[in-house]
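Descriptive analysis of the structure
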Protein chains: 2
Amino acid sequence: MPPLVRVQNFGVSADGFGAGEGQSLDHPFGHADPGALLGWAVATAHWVNRSEPGGSYGLDDYFTRDFARNIGAEIMGRNKFGPQRGPWQDHSWEGWWGAEPPFRTPVFVLTHHPRPSITLGQTTFHFLDATPREALDRALEAADGQDVRIGGGVHTVREFLDADLIDTMHVSVAPVELGSGERLWSSPDELTDRFHLERVPSASGVTHHLFWRR
Amino acid sequence: MPPLVRVQNFGVSADGFGAGEGQSLDHPFGHADPGALLGWAVATAHWVNRSEPGGSYGLDDYFTRDFARNIGAEIMGRNKFGPQRGPWQDHSWEGWWGAEPPFRTPVFVLTHHPRPSITLGQTTFHFLDATPREALDRALEAADGQDVRIGGGVHTVREFLDADLIDTMHVSVAPVELGSGERLWSSPDELTDRFHLERVPSASGVTHHLFWRR
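Given the structure is predicted, the values throughout are model-derived calculations rather than measurements.

About the cut-offs
- Residues numbered from 1 in each chain as written.
- Chains lettered and ligands numbered in written order.
- Predicted model: local features only at pLDDT ≥ 70, side-chain atom pairs only at ≥ 80, totals over all residues.
- Heavy atoms only, no water.
- Pairing = 2+ DSSP bridges.
- Helix = DSSP H or I, 4+ residues; strand = E, 2+ residues; numbered from the N terminus.
- Axes fitted to C-alpha atoms, helices over the stretch in contact; angles between N-to-C directions.
- Contact = heavy atoms within 4.5 Å.
- Phe/Tyr/Trp six-rings, centres within 6.5 Å; stacked < 30°, edge-to-face > 60°.
- Buried < 20%, exposed > 50% of the residue type's maximum accessible area, 1.4 Å probe, protein only.
- Lys NZ or Arg CZ within 6 Å of the ring centre and 35° of its normal.
- Lys, Arg positive; Asp, Glu negative; His and termini not counted.
- Salt bridge = Lys/Arg side-chain N within 4 Å of Asp/Glu carboxyl O.
- Polar contact = N/O pair within 3.5 Å; in protein donor to acceptor, adjacent residues only side chain to side chain.

**With respect to the sheet that holds strand β11 (residues 207-213) of chain A**
Residue and element names in this part refer to chain A. The strand order β5-β6-β4-β3-β7-β1-β8-β11-β10 describes an open sheet built from 9 strands, whose pairing is mixed. This sheet does not close on itself; its edge strands, each paired only once, are β5 (118-120) and β10 (195-201). Between one strand axis and the next, the sheet turns by 20 degrees as a mean value, whatever way the strands run. As paired strands, strand β4 (residues 106-110) and strand β6 (residues 123-128) are joined by 5 bridges and run parallel to one another. Bridged to Leu110 within β6 is Leu128. Across the face of the sheet, helix α1 (residues 34-42) comes into contact with β1 (5-13), β8 (168-174) and β11 while running at roughly 130 degrees to β1. Along the sheet, helix α4 (residues 132-143) contacts β1, β3 (71-77), β4, β6 and β7 (147-152); its crossing angle with β3, the most-contacted strand, is approximately 155 degrees.

Okay, structure coming up:
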């Protein structure tokens, strides 16, 4: 099976926002409550940041346990990597995730301000000023036959959708409205000309949206 | 996370039968139509016996792609391995699966008639006359920290349920009635004293039943 380009466990509001306004160090999702968007994932046994035993093995866990399966590299936007904008003031910021980030593969951070690579635990962050296609070629090479995850945020997912580089996409839609912020879509039906779409309601309250290429 | 004992992609009829009556070389599921029980899985991209590209990446595919994830060994009953009953007439029967069986781990076949181990491709079949607990200890050792799949058939799954050795179980319930054969349950609610149960209807017509220990 050739490698796929996958979006996994990406959470948006009922009105399509993946983050609110005013993103900052203290509020990485801006005015959005991250629990409302991603609480379904945090409650599962395979939640990527889980440090204690426990959690559910129901439907939602199939989505969190698929996060790392056959992934060989991630591409993320600079705004997912950290709250700073513009040129780096210094290089002390090394991401939100501490000494062992949950990616455990090469991660390519798209930025107009490249800086030296950082290795933390099993993850190495590389900083690239590149088009989506160029970044994907680098990530596919690093993934060595495995799939590439497009990690977000919204702007980065949109760029890869616009360049038609995404093969499969899992988006959880939460029953909250945000009104403003970073918007993935007005409606998921915008994508059904290019993608199959299956909607799967979960007991946790979110509806999983599964897209794959027609 | 300690290793789990998992049942995966096990298909039964609406009235709880995993196979019909009269199992034989030509009819491994007896009078049951295997397509009615497992057609949902065959249609997915990650169906374990898929040899051509294609298939769906919707909800059902999350279940087939989880079949091998973190599995280090399987335990199956002798009736899953082949249609012969009683002492082996000869050792020419090497399973249904050809030169590269889809397990790709050690497989422990429970039988009162042990025979020498067989290696086919990446799978080695070992034949054990053992209790479920003894077989599980052997399989856990072989799995080396990964999970153990209980592969069926019905009698074997029931034995492991009766011994309370199963941690998680995924059973697909198809909208057909069989009336007789090998019965897993009269109702899935029989298990809810010990297990959480989440029912997830799929567009393919089956309802996925997800169990995990309370």
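**What to know about the packing of aromatic side chains**
Tallying each qualifying case throughout the model produces 24 aromatic pairs over all chains. Measuring from ring centre to ring centre gives 4.9 Å for A:Trp97 and A:Phe103, while their planes differ by 85 degrees; the resulting arrangement is edge-to-face. Taking the relative accessible area as the measure of exposure, A:Phe103 reaches 5% and is therefore buried. Put simply, the rings of A:Phe81, A:Trp88, A:Trp97, A:Phe103, A:Phe125 and A:Phe127 touch in pairs and so form one group of aromatic residues. The positively charged end of B:Arg78 is found above the aromatic ring belonging to B:Trp88, 3.9 Å away from the centroid.

**A few points about the pairing of strand β11 (residues 207-213) of chain B**
The two faces of a sheet get side chains in turn, since along a regular strand they alternate between them. All names here are of chain B. Here β11 lies mainly inside the structure; 5 of its 7 residues are buried. Note: strand β8 (residues 168-174) against β11, 6 bridges, orientation antiparallel. Along β11, the bridge assignment pairs Val173 with Thr207. Following strand β10 (residues 195-201), the chain reverses through 5 residues before pairing antiparallel with β11; Gly205 in that reversal takes a positive phi of roughly 110 degrees.

**Quick word on the side chain of B:Glu198**
Tracing the backbone through its elements, the reader meets B:Glu198 in strand β10. Although buried, B:Glu198 forms no salt bridge, and the nearest oppositely charged side chain, A:Arg65, lies 9.5 Å from it. Engagement of the side chain of B:Glu198 in a polar contact is seen with the backbone nitrogen of A:Leu59, the distance being 3.3 Å. Each residue touching B:Glu198, except ones within four places of it in the same chain, is listed here: A:Gly58, A:Leu59, A:Ala203, B:His208, B:His209, B:Leu210 and B:Trp212.

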